[in-house]
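Listed below are the residues making up each chain.
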Amino acid sequence: MKTHNLGYPRIGSNRELKKACENYWSGNLSVEELISTGRNISEHNWKQQRDAGIELIPSNDFSYYDQILDMSLTVGAIPKRYNEIAVNKSNNELDLYFAMARGYQKNGLDITAMEMTKWFDTNYHYIVPEFYKNQEFKLFSNKISNEFAGAKQLGITTKPVIIGLVSYLLLGKEKEEGFDKLDLVKNLLPVYIDILKGLKDQGAEWIQFDEPFLALDINQKAKEAYVQVYTALRKEFPQLKIMIATYFEGLKDNLNLATALPVCALHIDLVRCPEQLDEVLDAVPDTLSISLGLIDGRNIWKNDLEQSLEFIKRAVGKIGTDRILVAPSCSLLHSPCDLDLETNDKTLSPEIKQWLAFAKQKISEVLLLKASATGVLNADDVIQLEENKTAAQSRKTSALIHNEQVKQRVNAITKQDAERENPFPVRKIAQQTVLGLPLFPTTTIGSFPQTAEVRSWRAKFKKGDITAVEYDTLLKEETEKAIRWQEEIGIDVLVHGEFERNDMVEYFGEQLDGFSFTKNGWVQSYGSRCVKPPIIYGDVYRPTPMTVYWSAYAQSLTTSLVKGMLTGPVTVLQWSFVRNDQPRSVTCNQIALAIRDEVTDLEKAGIKIIQIDEPAIREGLPLRNTDWQDYLKWAINAFKISSSGVKDQTQIHTHMCYSEFNDIIQNIADMDADVITIECSRSQMELLDAFANFNYPNEIGPGVYDIHSPRVPSKEEMIQLLEKAKSVIPAEQLWVNPDCGLKTRHWDETKKALIAMVEAARELQNVCV
Ligand code: GLN
Ligand code: ZN
């Protein structure tokens, strides 16, 4: 039995890489210093895993920005627009690399970045490879072999981790018509062979090819590509031990394909799909080892070692000890680095902390599992096993986690709880009477610029440099300014500006029971950007109202309508580390009830319009198509539970961004929000077609102002977009608003853009009246 790891976090336990990259970009760090920071992180990770006792330690899991971009550079998949940077001798390889990642606006050049998108269903984002017809590849960067050599110098023979050829192609995008990216297999294969040749000469024994697509829905052509690629590699390198790693889903219909590939080992994710174990064991040929992905690489809970041992035993019983590897379920890239750094009891209480494991702790768990399974436990292992049992026991019964009232309330949810009193046409009339809004009503998505000043107040308040009363006064002044300005330019539905909020999930988590936070639990989201997701450890409960104070204050300042602003249950769930001792749907319903209480409290406080943001609904979609409807059913229902406690005349809005709606439009309609605002301007209203084709019955605000750019759109541009919208959606259903919240913008551009937006709306009103 062997232990191995699929990848280790590379941002550094104190986000050293983030800081070094950002300093390099701003010209405050030399390339040598940047490389040395990267090298230190890699060495630290290798040594840590070696000292812990991991047998197959990964290399090439380090990256300055993204591992898929690394591969594009390695195989020379460099789009032509970067030629000038590549040929300029004063640029180094990293300059070219960062230009591809971030775009390049220097020395008279203005080159766009490569596209970035979500890594399967994680919150990590990768840089999308660009493919062209008959594209040629060549070994361009030696990163893989350099990293292998670096570890070798320390006496560590690593297992290089490389994105598998088929998955690499499937992750990319065809940039011209008339070909299929899988046609490029034959051009790319020689470069993979070159890479392996080099590694073999350097003394590599094991190679890990990540092939997550083997656990997804793939077509016949992809299946054939798998056979072609791995047969060719086997023929070329009979002596190299190749492992194929699958994760995030079960092999399911690809089981026979995967187990028949001529490789040495196959890694399966038993956290996401524990039920696949027996099937896989029945299907493996004698020549194939199985890597059991038992430790959750994507969540922060201690492993249930007893259950994992049970799995190992089952595997040993079927195929013996020698062909088994023990590992985390996927790369630990998606875990925070080190729980030992959480030393502040106030942020993370010792009781909760004992239930958790970050990357470093997960590595120990892998070793503990092997030691237990093979019966060679030392004194320290015995203590750790005992601790694991105690923690598991405490989690089952802790009063911190279990709140009977919450459980009972979730069990008592009825169908009616998720339905408004009357259907939309009836509500629409009631709302018209109360709200008296014009045609093409204007609004914004919630936040106004979070200036450095606003952020500095919060920092000072947290540090104790200003009192709660002083902080409150500053926020009230800022809110009042925002209200006055919106009145002045004539926006129809005002917002309070969200100045009191740090983050749209954290702000709610901090006020709800069942949530905890870390000081240093950072996870890479993309490039140098990291996120610190809240931890939902227990039954979620709202002790007191969360937003009524600010919404009621803002409403008290004006006779105009002020919209209440909440984050929806699915988004809170999606952007947190979620407990694994009950189904996600149950946790989601608990959050939904908390939001529902907030919605009805806002209504009681005189707020007539309430927005419940759900930007993460779409990204929660399961990876396998067959699981979509089940997810959508509980997710949409949770939203409806949160929004349905109000009277007909109270108008419920929702907001979504970065979404394709075509394939889930029925479900969006089922949410039955009175108004939905969506991101739309960058696609020039294309996203609206889904709503038009569906005859979407409720009201829609397609964004007319791209808030992700500092550019101020003109009134004419916005009119044009609205005309386009009006040609597919009846005018009585349309709202006028930006794409998303204005938190990251500056006031000067925000003001200009919103003034133009209101003027655009007025012009359309005049035409229609
Ligand atoms: N109400 C939030 C804001 O305006 C919505 C943010 C989002 O869609 N991500 O910032
Ligand atoms: Zn948004």
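See the structure shown above.
Anyway, here's the lowdown on the structure attached to this text. (Residues numbered from 1 in each chain as written. Chains lettered and ligands numbered in written order. Predicted model: local features only at pLDDT ≥ 70, side-chain atom pairs only at ≥ 80, totals over all residues. Heavy atoms only, no water.)

**Describing the sheet that holds strand S20 (residues 561-567)**
Sheet strands associate in pairs through backbone hydrogen bonding, adopting either a parallel or an antiparallel arrangement. With parallel pairing, the six strands of this open sheet are ordered in space as S15-S20-S21-S22-S23-S24. Of all strands in the sheet, those with a lone pairing partner are strand S15 (493-494) and strand S24 (699-702), marking the two edges. (Pairing = 2+ DSSP bridges. Helix = DSSP H or I, 4+ residues; strand = E, 2+ residues; numbered from the N terminus.)

**So, the pattern of salt bridges**
Per the counting criterion, the structure on display carries 44 salt bridges. Taking the shortest distance from any N to any O, the salt bridge between aspartate 340 and lysine 360 comes out at 3.0 Å. Taken together, the residues aspartate 340 in the loop between strand S14 (324-328) and helix H13 (350-353) and lysine 360 in helix H14 (residues 359-374) connect sequence positions 20 residues apart. On the basis of relative accessible area, aspartate 340 is assigned to the partly exposed category, the value being 44%. The salt bridge involving aspartate 672 is made with arginine 427; its shortest N-O contact spans 3.0 Å. Taken together, the residues span a long stretch of sequence, with aspartate 672 in the loop between helix H25 (665-671) and strand S23 (675-678) and arginine 427 in helix H17 (residues 424-435) at a distance of 245 residues. (Salt bridge = Lys/Arg side-chain N within 4 Å of Asp/Glu carboxyl O. Buried < 20%, exposed > 50% of the residue type's maximum accessible area, 1.4 Å probe, protein only.)

**Quick notes on the nonpolar core**
If you look at the biggest cluster of nonpolar residues, it comprises 105 residues, and the most contacted ones within it are Phe661, Leu688 and Phe691. Once you skip the residues sitting within four places of it in the chain, phenylalanine 691 turns out to touch Phe661, Ile665, Ile668, Ile676, Ile678, Tyr696, Ile700 and Ile729. Membership of the second largest hydrophobic core comes to 97 residues, among which are Tyr124, Ile218, Tyr247 and Phe311. (Core = buried A, V, L, I, M, F, W, Y, C linked by side-chain atoms within 4.5 Å. Contact = heavy atoms within 4.5 Å.)

**Comments concerning the side chain of arginine 458**
If you trace the backbone, arginine 458 turns up in helix H18 (residues 452-463). Buried and unpaired, arginine 458 has no salt bridge, with glutamate 500 as the nearest side chain of opposite charge at 7.1 Å. Of the polar contacts made by the side chain of arginine 458, one reaches the backbone oxygen of arginine 501; its length is 3.4 Å. Discounting chain neighbours no more than four positions away, the residues touching arginine 458 are Gln450, Tyr471, Phe499, Glu500, Arg501 and Asn502. (Lys, Arg positive; Asp, Glu negative; His and termini not counted. Polar contact = N/O pair within 3.5 Å; in protein donor to acceptor, adjacent residues only side chain to side chain.)

**Some remarks on the sheet that holds strand S1 (residues 2-3)**
Taken in spatial order, the eight strands of this open sheet run S1-S14-S13-S12-S11-S10-S8-S2, and their pairing is parallel. Lying at the two open borders of the sheet, with one neighbouring strand each, are S1 and strand S2 (58-59). Sheet topology note: the S1/S14 ladder contains two bridges and is parallel. The residue of S14 that forms the bridge with threonine 3 is valine 326.

**A word on the site of ligand 1**
Near ligand 1 the following residues occur: Ile445, Gly446, Ser447, Glu498, Met504, Met565, Asp613, His655, Cys657, Cys740 and Gly741. At 2.7 Å from an oxygen atom of ligand 1 is found a side-chain nitrogen or oxygen belonging to serine 447. Here a nitrogen atom of ligand 1 and a side-chain polar atom of glutamate 498 are 3.0 Å apart. Protein contacts shield 89% of the accessible area of ligand 1, which totals 300 Å² for the unbound molecule. Among the residues making up the shell around ligand 1, the classes are represented as five nonpolar, four polar and two charged. (Near = heavy atom within 4 Å. Areas by Shrake-Rupley, 256 points an atom, 1.4 Å probe, with all protein chains shown as cover. Nonpolar A, V, L, I, M, F, W, Y, C, P; charged D, E, K, R; others polar.)

Read these as spatial facts, not as claims about activity.
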